[in-house]
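Single-letter residue listing:
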Amino acid sequence: MPGGCSRGPAAGDGRLRLARLALVLLGWVSSSSPTSSASSSTSSASFPASAASARPPLPDQCPPPCECSEAARTVKCVNRNLTEVPADLPRYVRNLFLTGNQLAVLPAGAFARRPPLAELAALNLSGSLLEEVRAGAFEHLPSLRQLDLSHNPLADLNPFAFSGSNASVSAPSPLVELILNHIVPSAEERQNRSFEGMVAAALRAGHALQGLRRLELSSNHFLYLPGDVLAQLPGLRHLDLSNNSLVSLTYLSFRNLTHLESLHLEDNALKVLHNGTLAELQGLPHVRVFLDNNPWVCDCHMADMVAWLKETEVVQGKARLTCAFPQKMRHRVLLELNSSDLDCDPILPPSLQTSYVFLGIVLALIGAIFLLVLYLNRKGIKKWMHNIRDACRDHMEGYHYRYEINADPRLTNLSSNSDV
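Values in this document were obtained by computation on a predicted structure and should not be read as measured data. (Residues numbered from 1 in each chain as written. Predicted model: local features only at pLDDT ≥ 70, side-chain atom pairs only at ≥ 80, totals over all residues. Heavy atoms only, no water.)

The helix and strand inventory of the protein chain stands at nine helices and 16 strands. Relative to its full complement of 420 residues, the protein chain shows a buried share of 32%. A separation threshold of at least 6 residues defines the contact pool for the protein chain, and within that pool the share at least 24 residues apart is 65%. If you sum the accessible surface of the protein chain, you get close to 25300 Å²; carbon and sulfur atoms cover 59% of it. (Helix = DSSP H or I, 4+ residues; strand = E, 2+ residues; numbered from the N terminus. Buried < 20%, exposed > 50% of the residue type's maximum accessible area, 1.4 Å probe, protein only. Contact = heavy atoms within 4.5 Å. Areas by Shrake-Rupley, 256 points an atom, 1.4 Å probe, with all protein chains shown as cover.)

Looking now at the packing of aromatic side chains. Where two aromatic rings form a pair, the distance of their centres and the angle of their planes describe that pair. Enumeration over the complete set of coordinates arrives at three aromatic pairs. Arranged with centres 6.3 Å apart and planes meeting at 15°, the rings of F111 and F138 form a pair that is stacked. With F111 in the loop between β4 (105–106) and β5 (122–124) and F138 in the loop between β6 (132–133) and β7 (146–148), this pair connects stretches of sequence that are 27 residues apart. F138 carries the same exposure label as F111, and that label is buried. With a centroid separation of 6.0 Å and an interplanar angle of 10°, the aromatic rings of F138 and F162 are classed as stacked. Here F162 lies in the loop between β8 (156–157) and β9 (177–179) and F138 lies in the loop between β6 and β7, a separation of 24 residues in the sequence. We classify F138 as buried; its relative accessible area is 11%. (Phe/Tyr/Trp six-rings, centres within 6.5 Å; stacked < 30°, edge-to-face > 60°.)

Enumeration according to the criterion identifies eleven salt bridges in this entry. In this structure, R214 engages E216 in a salt bridge whose closest nitrogen and oxygen atoms are separated by 3.5 Å. Residue R255 is joined to E280 by a salt bridge in which the shortest nitrogen-to-oxygen separation is 3.1 Å. Residue R255 is located in the loop between β11 (238–240) and β12 (262–264), and its partner E280 is located in helix α5 (residues 275–282); the two are separated by 25 residues in the primary sequence. Among the charged side chains, a salt-bridge network with shared partners connects R73, R94 and E119. (Salt bridge = Lys/Arg side-chain N within 4 Å of Asp/Glu carboxyl O.)

Moving on to the state of the cysteines. As enumerated under the stated definition, the model contains four disulfides in all. Here C62 connects covalently by a disulfide to C68, the sulfurs 1.9 Å from one another. Because the torsion about its S-S bond is 80°, the bridge between C62 and C68 counts as right-handed. Exposure remark for C62: the relative accessible area of 31% places this residue in the partly exposed category. Relative accessible area serves as the criterion here: at 28%, C68 is assigned to the partly exposed category. (Disulfide = S-S within 2.5 Å.)

On the surface, Y356, L359, L363 and I366 cluster together into a nonpolar patch covering about 420 Å² of accessible area. Locating I366 in the fold gives a position in helix α7 (residues 350–376). (Patch = residues over 30% accessible without salt bridge, like charges linked within 9 Å, V, L, I, M, F, W, Y side chains within 5 Å.)

Another point: the confidence of the model for the protein chain. Averaged over all residues, the pLDDT of the protein chain equals 82, while 78% of them reach at least 70. Taken together, the stretch residues 1–12 has pLDDT below 50 and engages in zero contacts with residues farther than four places along the chain or on a different chain. Overall, residues 23–58 carries pLDDT values under 50, and its contacts beyond four positions in sequence, including any with other chains, amount to zero contacts. (pLDDT = per-residue confidence, 0-100.)

All right, on to the side chain of S173 then. Here S173 is to be found in the loop between β8 and β9. What makes S173 buried here is its relative accessible area of 13%. One polar contact links the side chain of S173 to the main-chain amide nitrogen of L175, over a distance of 3.2 Å. Not counting residues up to four positions away in its chain, the partners in contact with S173 are F162, A208 and L209. (Polar contact = N/O pair within 3.5 Å; in protein donor to acceptor, adjacent residues only side chain to side chain.)

When two helices pack together, you describe them by how their axes are tilted relative to each other and by the distance separating the axes. Interaxial distance between α5 and helix α6 (residues 303–311) falls to 10 Å at its minimum, and their mutual angle equals 20°. Between α5 and α6, the angle falls in the class roughly parallel. In this structure, α5 meets α6 at a crossing whose hand is right-handed. Where α5 abuts α6, its residues N275, L278, L281 and Q282 lie against D304, M305 and W308. A breakdown of the residues in the contact of α5 with α6 according to their chemical character gives four nonpolar, two polar and one charged. (Axes fitted to C-alpha atoms, helices over the stretch in contact; angles between N-to-C directions. Parallel < 35°, antiparallel > 145°, perpendicular 65-115°, else oblique. Left-handed = near helix turned anticlockwise from the far one by under 90°. Nonpolar A, V, L, I, M, F, W, Y, C, P; charged D, E, K, R; others polar.)

Taken together, eleven strands build an open sheet; the order of strands is β1-β2-β3-β5-β7-β9-β10-β11-β12-β13-β15 and the sheet is mixed. Where the open sheet ends on each side, the last strands, each with one partner, are β1 (67–69) and β15 (315–316). (Pairing = 2+ DSSP bridges.)

Here we come to the sheet that holds β8. Here three strands make up an open sheet; going across it, the order is β4-β6-β8 and the pairing parallel. In the strand order of this sheet, the two ends are held by β4 and β8, each with one partner. Both β6 and β8 contribute to a ladder of two bridges, which runs parallel. What sits directly across from V133, in β8, is L157.

Looking along the chain, the bond that leaves R114 and enters P115 is cis, with omega of -5°. Tracing the backbone through its elements, the reader meets P115 in the loop between β4 and β5. The linkage connecting F325 with the following residue, P326, adopts the cis geometry, with an omega of -10°. Checked against the element boundaries, P326 lands in the loop between β16 (323–325) and α7. The backbone of R73 sits at a positive phi, close to 55°, despite the residue not being glycine. Topologically, R73 is positioned in the loop between β1 and β2 (74–76). Here R73 falls in the partly exposed class, since its relative accessible area comes to 29%.

Dropping the structure here:
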């Protein structure tokens, strides 16, 4: 036992000396090659620096004025008074909100980035004071499905805004839903060009919107729509034209919209739907039509529409449709009208109308000649009128003198004696 105890400390000291010797040798080796270690450390440090300089900016960075959620793939730059689209949008963005800003102009390639925003599917630009959208403004957005430009005073919507700056080589737009509600500019800007024609040109240019499924054009004060405005939208399923000022649909064709499911025409100025429009609507297999709050004129021209309403199932809520004019028919339900209720004022035959017009022209010509003659002979007529006045005065004085004689008995006897 004592011997074992005496060997323990000696063995421990030996191990300690060996460990110290190993540390000294390791330090000598490291100090003998400082340049190699420095070069290796420099190369290892320079590699990440060069790699960092070669890498693009991190795609997950959020623009300072925006709020980003990578989990929801959403970027919101709302009410930030932006005058242009942020340049450093993250690549993961799928839903982009740029509402309530002051963009004014959307130039060509406004969303073009490297790498592109390949996942951007929904873009909301409503209420951003947009006045001009140039050709190719939405290029390089291959996944864009929904675009909202509502509540912007669009005075200049380029015909190739949706088809690309070079429509001849551009691929069709991927848009499925286009919202253009309340995009009417000020009255002064509307005087310079046809607002309806501008919108129609953008919808049909370049066959870009063939894949469009939903189109909203409400609250734009449209008085009419060009007949071919829907010609390049064969896949349309939902069309909203409500709250405009449409007076007639005579020249607007729905013939090629074979997939149309809902047509909103509420709150317009429609007075009657004519046979051509009724036949087109009846020929659409899946459509539902909404016609509430229009000032229907219930006269003899309404007979065909009333008969059609009684037979069709296309019109939704048709029992609510009522007459607005004439006054005696006001608030009458269209479905309750009979042919005897729908009368018009008698109309003259065209030949008789022509005769009356010709007679009116002849009488007006005669009247003009008569007035001209009077004007040219005004002095002679004036003299003639004075002569007539003097003659009438002398005649009236003679009557007055005789009346005085007859009224005085003495003068009466005198006149009778003198007569004897």
